[in-house]
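Breakdown of the fold
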Amino acid sequence: MVLKKLKPLLEDSSIKKIGQNIKFDFIVLFKHGVTISSIEDTMLMSYVLDAGKNRHNMDTLSEIHLNHKTITFKELVGSGKKEITFGEVDIDKAKDYAAEDADITFRLYKKFLKSLKDEKMINIYENFEINNLKLNINFELLKKQLLIVESLIHKNTCDNSWMGECAKYHLDSGGKRFRAALALVTGQIFKLDEQSSIYVAASCELIHNASLIHDDLQDRDLLRRGNPTIWSRFGDSSAINLGDYFISSAFEILSDSPSNEKFKCMAIKEFSMSIKQALAGQTREIQTRADLNLKMQDYESTARAKTGSLLSLPVKLILILSGKKYSNESLNSIYETGLAYQIQDDLSDFIGIKERELPGRDLKEGKMNALIMHYLNEATTSEKYLLN
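Since this is a predicted model, take the numbers as computed values, not measurements.

**Comments concerning the nonpolar core**
With 53 residues, the main nonpolar core has Val149, Val200, Leu242, Phe246, Phe271 and Leu317 as its most contacted residues. Here the element with the most residues in this core is helix H11 (residues 194-219); it accounts for 11 residues. Those residues in contact with valine 200 that lie beyond four places of it in its chain are Ala183, Leu254, Pro314, Leu317, Ile318 and Leu321. Among the nonpolar cores identified, the runner-up in size contains 14 residues, and Val48, Leu61, Ile104 and Tyr109 belong to it.

This is the structure:
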């Protein structure tokens, strides 16, 4: 009821919405069908003004700029065994906490806005920082497009054959469809026709899922999204064949894209090259298992090739089909995101939240992940010998 009442206000572009790390609120509300418009972010303002000197959370900014110590979330909900959820907090305490957040954010906004103007940095904030949160994306259209992508993928892979049954089993297990969304959002930004964007989205999702199936087989992982992996349920041969089936289907869908023929040929070539790059990264990862002499830069380049190549692929294809030129350097941030994802994946394996039965499977298998690499960088000769 409350959200329904607030929705028109939050989506009204004539009313400014000011927040601290407002991207978080944007994502939460978007999941509930609300798209915030006309936003300002005090965290981004702080970063522009003073990127490297202090933390940019509200508690720190309040103490530094307003000389005010805020009520912390930990003080509100407690910690350890006595920790409660926000829903269990006394209503008066919750009211004070929320009101203080709103007041501090607005006061910081006024102070930071003046500083940005005084220091002639307002253009950096408006043109390079906040504009990244103000992309003109039609999220309702995006939701509809993702459903069409899902339908297109199933239509091209889920027939009555054995491979079709395996494909349906794998695809129905879920997934974020992040690469599809990335293609569709990029298509909206660069004004590529909707159908071409949808075909790119479907082909990129299929390549990604092919890599997951083959990766599970090579790592002998038993679970994927809470379900038995393809190889563990249907056998090694079915896993190899299904991965190949998805790859061939991806090329077929991309070749059917109603795009300029010249640009489409360029896109198919880039598609193939990105797959080769990912395979090169995967091959290096396998070849360097238990290699205690591996350098951190080698680990990073492998992760960029294995993960970054397929993560950047949706953007590359949309740019090519839109007739836009780009340099590899302009996509560095996506490759670095691939590296960050790989490190996060390594941490998930180490603490045991990766559906791989037990924590530390990478270590057991001899995989040189980020944690092991950092350990080796600090380990003595005798400690390295014991690890070997």
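**Some points on unusual backbone geometry**
If you check the backbone angles, arginine 177 has positive phi at about 55° while not being a glycine. With respect to the helices, strands and loops of the structure, arginine 177 is situated in the loop between helix H9 (162-171) and helix H10 (178-189). Notably, lysine 191 is not glycine yet its phi reads approximately 60°, a positive angle. Mapped onto the secondary structure, lysine 191 falls in the loop between H10 and H11. With relative accessibility at 68%, the residue lysine 191 sits in the exposed group.

**Overview of the packing of aromatic side chains**
Per the stated rule, a full pass over the model turns up 7 aromatic pairs. Centre to centre, the rings of phenylalanine 73 and tyrosine 97 are 6.1 Å apart; their planes meet at 55°, and the pair counts as tilted. Here phenylalanine 73, found in helix H5 (residues 73-77), pairs with tyrosine 97, found in helix H6 (residues 91-118); they are 24 residues apart in sequence, far enough to count as distant. Of the residues examined, phenylalanine 73 reaches a relative accessible area of 40% and is grouped as partly exposed. Exposure remark for tyrosine 97: the relative accessible area of 14% places this residue in the buried category. Clustering of aromatic rings is evident, with ring pairs tying together Phe73, Phe86 and Tyr97. The ring centre of tryptophan 231 lies 3.8 Å from the NZ or CZ of arginine 220, which sits over that ring.

**Notes on helix H14 (residues 261-287)**
The end-to-end C-alpha distance of H14, which contains 27 residues, comes to 39 Å, matching closely the 39 Å that a straight helix rising 1.5 Å per residue would cover. Within the sequence span of H14, burial applies to Lys264, Ala267, Glu270, Phe271, Ser274, Ile275, Ala278, Gly281, Gln282 and Glu285. Summarising the contacts, the buried residues of H14 are in contact with H11, helix H13 (236-255) and helix H15 (296-321). The N-cap of H14, judged by a side-chain oxygen 2.9 Å from the amide nitrogen of lysine 262 a few residues on, is asparagine 260.

**Quick notes on the pattern of salt bridges**
Under the criterion given, the structure shown has 18 salt bridges. The residue lysine 306 makes a salt bridge to aspartate 215 at a minimum N-O spacing of 3.9 Å. Of the two residues, lysine 306 is situated in helix H15 and aspartate 215 in helix H11; the sequence distance between them amounts to 91 residues. A salt bridge links aspartate 219 to arginine 289; the shortest N-O distance between them is 2.8 Å. On the criterion of sequence distance, the pair formed by aspartate 219 in helix H11 and arginine 289 in the loop between H14 and H15 is long-range, its members being 70 residues apart. Among the residues examined, aspartate 219 registers a relative accessible area of 3% and is labelled buried. You can call arginine 289 partly exposed: its relative accessible area is 22%. Put simply, Asp92, Lys95 and Asp96 are held in one network by salt bridges that share partners.

**Considerations on the packing of H14 against H15**
Their axes nearest at 7 Å, the elements H14 and H15 cross at an angle of 170°. Accordingly, the angle class assigned to the pair H14 and H15 is roughly antiparallel.

**Notes on a nonpolar patch on the surface**
The grouping of Leu347, Phe350, Ile351 and Leu371 at the surface amounts to a nonpolar patch, some 370 Å² of accessible area in total. Examining the composition of the nonpolar patch, we find that 3 residues originate from one element, helix H16 (residues 332-351), more than from any other. As for its position among the elements, leucine 371 is in helix H18 (residues 370-378). On the accessibility criterion, leucine 371 (31% relative accessible area) is partly exposed.

**Looking at the side chain of threonine 70**
Tracing the backbone through its elements, the reader meets threonine 70 in the loop between helix H4 (58-66) and H5. In this structure the side chain of threonine 70 is engaged in a polar contact, spanning 2.4 Å, whose partner is the side chain of aspartate 59. Sequence-distant contacts of threonine 70, defined by excluding residues within four places in its chain, comprise Asp59, Ser62, Glu75, Glu100 and Ile104.

**A look at the state of the cysteines**
Going through the model one piece at a time under the given rule, you end up with 0 disulfides. Free cysteine: cysteine 166, not disulfide-bonded; nearest cysteine sulfur from cysteine 158 at 10 Å.

**With respect to the confidence of the model for the chain**
Residues at a pLDDT of 70 or more form 95% of the chain, whose mean pLDDT is 88. For the chain, per-element mean pLDDT is lowest for helix H19 (residues 381-387), which scores 73, and highest for H13, which scores 98.

**Considerations on the environment of lysine 69**
Residue position: lysine 69 is located in the loop between H4 and H5. What lysine 69 contacts, discounting residues up to four positions off in sequence, is Glu63, Glu75 and Glu100. A polar side-chain atom of lysine 69 sits 3.5 Å from a polar atom in the side chain of glutamate 75.

What counts, and where the lines are drawn
- Residues numbered from 1 in each chain as written.
- Predicted model: local features only at pLDDT ≥ 70, side-chain atom pairs only at ≥ 80, totals over all residues.
- Heavy atoms only, no water.
- Core = buried A, V, L, I, M, F, W, Y, C linked by side-chain atoms within 4.5 Å.
- Buried < 20%, exposed > 50% of the residue type's maximum accessible area, 1.4 Å probe, protein only.
- Helix = DSSP H or I, 4+ residues; strand = E, 2+ residues; numbered from the N terminus.
- Contact = heavy atoms within 4.5 Å.
- Phe/Tyr/Trp six-rings, centres within 6.5 Å; stacked < 30°, edge-to-face > 60°.
- Lys NZ or Arg CZ within 6 Å of the ring centre and 35° of its normal.
- Expected span 1.5 Å × (residues − 1).
- Polar contact = N/O pair within 3.5 Å; in protein donor to acceptor, adjacent residues only side chain to side chain.
- Salt bridge = Lys/Arg side-chain N within 4 Å of Asp/Glu carboxyl O.
- Axes fitted to C-alpha atoms, helices over the stretch in contact; angles between N-to-C directions.
- Parallel < 35°, antiparallel > 145°, perpendicular 65-115°, else oblique.
- Patch = residues over 30% accessible without salt bridge, like charges linked within 9 Å, V, L, I, M, F, W, Y side chains within 5 Å.
- Areas by Shrake-Rupley, 256 points an atom, 1.4 Å probe, with all protein chains shown as cover.
- Disulfide = S-S within 2.5 Å.
- pLDDT = per-residue confidence, 0-100.

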